[in-house]
Amino acid sequence: MYQKIFTRRKFLLGLGAVTAMGAVVTGKDELKRQQILALDDADCECIKYPGDESLKQRAAKKKLIFGAAIRYDQLSSDTEYAQNIAKECSILLPEWGLKWHVNPKPLRPTPESFDFTAADWMLNFARTHDMQFRGHTLVWHESLPPWFENTVNHQNAKSFLEKHIQTVVGRYRGKIHSWDVVNEAIEPRDQLPNGLRKTPWLELLGEDYIDLAFRLAHEADPKAMLVYNDYGLDYDIANDEAKRNAVIQLLKRLKSKGTPIHALGIQAHLNGSETNFNPQKLKDFLAQVADLGFKILITELDVTDKELPHDIEIRDRIIAKVYNNYLKVVLEEPAVIAVITWGLSDKYTWLNEFKPREDGAPVRPLPLDLNGKRKFAWNAIAHAFDNAPTR
Ligand code: 9MR
């Protein structure tokens, strides 16, 4: 394995030299060339195979939890995948099953009814395999049912929210590690006060919908950790900076109101081609959240390879490096208690549909490959856990 890495490194440096003369890669590929050249020996440390121990075992040694978001239809129909999930994960959450409406198994098929088939099946799988279970998500502007717009109005919005949270959170009372109560409520680009996102819930109930949702969830399951979850908090770019600030302000407002909120979920949908990663800025943000008394969960980690080179080994090295650089910073913060990837294997990832590659090659954003084999990304996560301080 090491021999292979070493040989490839020499090849990559060779490619760099040729490119420097302009013979192989030109123009827009300059960024990619630099990324490839940046994969020197130190960076390669994180992709050396660290041994067989699973991610959940390595995480546990540092009192961390590792897990993944999983789809019921995929888990129930693919034994090999299910075995890998059981082997690597100590926490699971449904990618779909607890949202109001995602076909083919909506939780809220009609305004009056609930269908818990998918979520129940997955909770049972988690318990059978001695894993914890998370809920995602109670209040979101996406994945609302087709009936929502013509049924929910200013008069009945509060009772719809109450009934939803009481029924769903109540059903799993005492069985849930943490709930993503409100998802993605901040979007500075919408230019609303407090950086709030323009959502149906905001329009129907005003900003207090956030506080209300947390209070309802807490009443329905007083022991569950309640999380505010959002994306776009990772990079040193203007919108991420504005989002980080708005999230801190939101957490402060909720804290001063006595809202029962316990943690921030950082989705961490990372980008393999993003160069504006500033460890210090991320570190400062995490410290600010921790100083307010909140725990932090990395809730939806993956790395898009949409704009990375076609060559699988180069792609995998760059992705691994992104995982490792990010987790190195994040795991230094003692308030971080969990790392959860959005899927576990490249066989099943939302990015194939949402951020496909122009060359049509299957995307490779996750720790396991299409055949469930561990990739450099897996090695990088293992390496980050092995080198993390214990909580
Ligand atoms: O990965 C999820 C995809 O399969 C769904 O179609 C989509 C809509 O429900 O949601 C995706 O998951 C999102 C998550 O719930 C919230 N953060 C962003 C995730 C990726 O879009």
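Anything mentioned here points back to the structure above.
Model, not experiment: these values are computed from the prediction.

**Quick notes on the packing of aromatic side chains**
At step 1: By the definition in use, this model includes 16 aromatic pairs.
At step 2: Centre to centre, the rings of Phe66 and Phe385 are 6.0 Å apart; their planes meet at 70°, and the pair counts as edge-to-face. Taken as a pair, Phe66 in strand β1 (residues 65–70) and Phe385 in helix α16 (residues 376–387) lie far apart in primary sequence, 319 residues in all.
At step 3: Residue Phe66 is classed as buried on the basis of its relative accessible area of 0%.
At step 4: The exposure class of Phe385 is buried, given its relative accessible area of 0%.

**Comments concerning the site of the ligand**
At step 1: Close to the ligand lie 15 residues; Glu95, Lys99, His136, Ser143 and Glu300 are nearest.
At step 2: Residue composition of the shell around the ligand, by class: six nonpolar, five polar and four charged.

**Comments concerning the packing of helix α9 (residues 157–171) against helix α11 (residues 209–220)**
Helix packing for two helices is described by the angle between their axes and how far apart those axes are.
At step 1: Relative to each other, α9 and α11 sit at 35°, their axes nearing to 9 Å. Crossing handedness for the pair α9 and α11: right-handed. Facing Lys158, Leu161, Glu162, Ile165, Gln166, Val169 and Gly170 of α9, the residues of α11 in contact are Tyr209, Leu212, Ala213, Leu216, Ala217 and Ala220.
At step 2: Grouping the amino acids of the contact of α9 with α11 by side-chain chemistry returns nine nonpolar, two polar and two charged.

**Topic: helix α7 (residues 117–128)**
Given 3.6 residues per turn, any residue in an α-helix points the same way as the ones three and four places further on.
At step 1: The end-to-end C-alpha distance of α7, which contains twelve residues, comes to 16 Å, matching closely the 16 Å that a straight helix rising 1.5 Å per residue would cover.
At step 2: Listing the buried residues of α7 in full gives Ala118, Ala119, Met122, Leu123, Phe125 and Ala126. One side of α7 holds all its buried residues, which, seen down the axis, span an arc of 160°.
At step 3: Structurally, α7 contributes buried residues whose contacts are with β1, α5 (72–77), α6 (79–88), β2 (91–94) and β3 (132–139).

**With respect to the nonpolar core**
At step 1: Ile85, Leu92, Trp179, Val182, Tyr228, Ile266 and Leu331 are the most contacted members of the largest nonpolar core, which has 112 residues in total.
At step 2: When residues of this core are assigned to their parent elements, the largest contribution, eleven residues, is made by helix α14 (residues 312–331).
At step 3: In this view, Trp179 contacts Leu98, Arg134, Gly135, His136, Leu138, Val168, Val169, Ala224, Met225, Leu226 and Val227; residues no more than four positions away in its chain are not counted.
At step 4: Counting twelve residues, the second largest nonpolar core, distinct from the first, contains Ile65, Val227, Leu297 and Ile340.

**Considering α9**
At step 1: Between its first and last C-alpha, α9 extends 21 Å over 15 residues, near the 21 Å set by a 1.5 Å rise per residue.
At step 2: Along α9, the positions that sit buried rather than exposed are Ala157, Phe160, Leu161, His164, Ile165, Val168 and Val169. One side of α9 carries all its buried residues, which in axial view fall inside an arc of 120°.

**Focus: the side chain of Asn183**
At step 1: For Asn183, the location among the structural elements is in strand β4 (residues 178–183).
At step 2: In this structure the side chain of Asn183 is engaged in a polar contact, spanning 2.9 Å, whose partner is the side chain of Asn229.
At step 3: Of the polar contacts made by the side chain of Asn183, one reaches the side chain of Gln267; its length is 3.2 Å.

**Overview of the pairing of β2**
At step 1: Neither face of β2 is left uncovered, since the one carrying Ile91 and Leu93 and the one carrying Leu92 and Pro94 both have all their residues buried.
At step 2: Direction of pairing for β1 relative to β2: parallel, over a ladder of four bridges. Directly across from Ile70, in β2, lies its bridge partner Pro94.
At step 3: Taken together, the two bridges between β2 and β3 define a ladder with parallel strand orientation. By the bridge assignment, Leu92 is partnered in β3 with Phe133.

**Details of the environment of Gly360**
At step 1: With respect to the element layout, Gly360 can be found in the loop between α15 (351–354) and α16.
At step 2: Residue classification places Gly360 among the exposed residues on the basis of a relative accessible area of 58%.
At step 3: In the structure, Gly360 is positioned 50 residues away from His310 in sequence and 9.6 Å away in space, judged by C-alpha atoms.

**Thoughts on the pattern of salt bridges**
At step 1: On inspection of all chains with the given rule, the structure shows 26 salt bridges.
At step 2: Salt-bridge contacts for Lys105 lead to Asp115; the nearest nitrogen and oxygen are separated by 3.2 Å. Of this pair, Lys105 sits in the loop between β2 and α7 while Asp115 is found in the loop between β2 and α7, placing the two residues ten residues apart along the sequence.
At step 3: One continuous salt-bridge network, built from bridges that share partners, spans Asp236, Glu241, Arg244 and Lys281.

Thresholds applied
Residues numbered from 1 in each chain as written. Predicted model: local features only at pLDDT ≥ 70, side-chain atom pairs only at ≥ 80, totals over all residues. Heavy atoms only, no water. Phe/Tyr/Trp six-rings, centres within 6.5 Å; stacked < 30°, edge-to-face > 60°. Helix = DSSP H or I, 4+ residues; strand = E, 2+ residues; numbered from the N terminus. Buried < 20%, exposed > 50% of the residue type's maximum accessible area, 1.4 Å probe, protein only. Near = heavy atom within 4 Å. Nonpolar A, V, L, I, M, F, W, Y, C, P; charged D, E, K, R; others polar. Axes fitted to C-alpha atoms, helices over the stretch in contact; angles between N-to-C directions. Left-handed = near helix turned anticlockwise from the far one by under 90°. Contact = heavy atoms within 4.5 Å. Expected span 1.5 Å × (residues − 1). Arc of directions from axis to C-beta. Core = buried A, V, L, I, M, F, W, Y, C linked by side-chain atoms within 4.5 Å. Polar contact = N/O pair within 3.5 Å; in protein donor to acceptor, adjacent residues only side chain to side chain. Pairing = 2+ DSSP bridges. Salt bridge = Lys/Arg side-chain N within 4 Å of Asp/Glu carboxyl O.

Any functional reading would require information that these geometric values do not contain.
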